[in-house]
Amino acid sequence: MESVLSKYEDQITIFTDYLEEYPDTDELVWILGKQHLLKTEKSKLLSDISARLWFTYRRKFSPIGGTGPSSDAGWGCMLRCGQMMLAQALICRHLGRDWSWEKQKEQPKEYQRILQCFLDRKDCCYSIHQMEKMCRVLPLSADTAGDRPPDSLTASNQSDELIFLDPHTTQTFVDTEENGTVNDQTFHCLQSPQRMNILNLDPSVALGFFCKEEKDFDNWCSLVQKEILKENLRMFELVQKHPSHWPPFVPPAKPEVTTTGAEFIDSTEQLEEFDLEEDFEILSV
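Source: prediction; values computed, not measured. (Residues numbered from 1 in each chain as written. Predicted model: local features only at pLDDT ≥ 70, side-chain atom pairs only at ≥ 80, totals over all residues. Heavy atoms only, no water.)

The subject of this paragraph is the pattern of salt bridges. Inspection of the entire model under this criterion finds ten salt bridges. Between Asp-175 and Arg-121 there is a salt bridge, and its shortest N-O distance comes to 2.8 Å. Remark: Arg-121 occurs in the loop between helix H4 (109–117) and helix H5 (128–135) and Asp-175 occurs in the loop between strand S6 (170–172) and strand S7 (194–197); sequence separation between them is 54 residues. Residue Asp-175 is classed as partly exposed on the basis of its relative accessible area of 33%. For Glu-161, the salt bridge is made with Arg-195, and the minimal N-O distance between the two is 2.6 Å. One end of the pair, Glu-161, is in strand S5 (residues 161–165); the other, Arg-195, is in strand S7, with 34 residues separating them in the sequence. One network of salt bridges, in which partners are shared, links Asp-48, Arg-52 and Arg-97. (Salt bridge = Lys/Arg side-chain N within 4 Å of Asp/Glu carboxyl O. Helix = DSSP H or I, 4+ residues; strand = E, 2+ residues; numbered from the N terminus. Buried < 20%, exposed > 50% of the residue type's maximum accessible area, 1.4 Å probe, protein only.)

With that settled, consider the packing of aromatic side chains. Scanning the entire structure with this criterion turns up six aromatic pairs. Aromatic pair Phe-55 and Phe-187: ring centres 6.0 Å apart, planes at 70 degrees, arrangement edge-to-face. Of this pair, Phe-55 sits in the loop between helix H2 (42–50) and strand S3 (57–59) while Phe-187 is found in the loop between S6 and S7, placing the two residues 132 residues apart along the sequence. The same class applies to Phe-55 as to Phe-187, namely buried. A cation sits over an aromatic face here: Arg-58 above Phe-187, 4.4 Å from the ring centre. (Phe/Tyr/Trp six-rings, centres within 6.5 Å; stacked < 30°, edge-to-face > 60°. Lys NZ or Arg CZ within 6 Å of the ring centre and 35° of its normal.)

On to H2. When H2 is considered as a whole, its buried residues turn out to be Leu-45, Asp-48, Ile-49 and Ser-50. Against strand S1 (28–31), strand S2 (34–37) and S5 lie the buried residues of H2. (Contact = heavy atoms within 4.5 Å.)

Here it is in structure tokens:
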């Protein structure tokens, strides 16, 4: 096991096909629903990408479970992608989609609170330690050596290409500093991100959407039905009634946790205010 982990702890991602190599084109590039004109707004495009929280393999954190691995290199990439998706939702919820991040600039308290939820410590609500407790992974699970980087990504598209943040890079564990903040530079992609042809995307992919209010969900449903579900090949479908063969929908109760970031977990009462079952059920196919 140690030999497998040490192989990944020395891993360095070689970035090729940088954004600087993009052709001089008038095409629009979409980054998580926000468009940029590549020809005249490259700096804004790169700034938008670097503002996304980037979670990668880490090493030298406290052993998971007390005696487990102190690095997730080689097995934690899907968990890191889940962290990126959740972090982006929290950023949109508490700071807004247009919030931007700048290197060595004092950030809002909400940003610091969100980032500290994901630190690699057992007392952080969305840490890999907490996720491991729920998922019960072992370092030699199915998602190990040999994974292609496109298997795990946060993506945005330009024509037939995707720009993605890849978790398959091993960095050293970062903890909270004495003043209560986090040196956050390694949590943002400061070099030009990678890109790939969309045909190389692994078909087993998860899509995430953030709906702040019920009207946002209604608008999303209308857009999906109009633009996506009219196609013959569907990744999912929407139905107005709960399928009879499905178990009843029961909103989850807020877990009794005292970890950093527990305040971001919505209570049962808040979930009931936005009951998706009353409007549509989302079915994967």
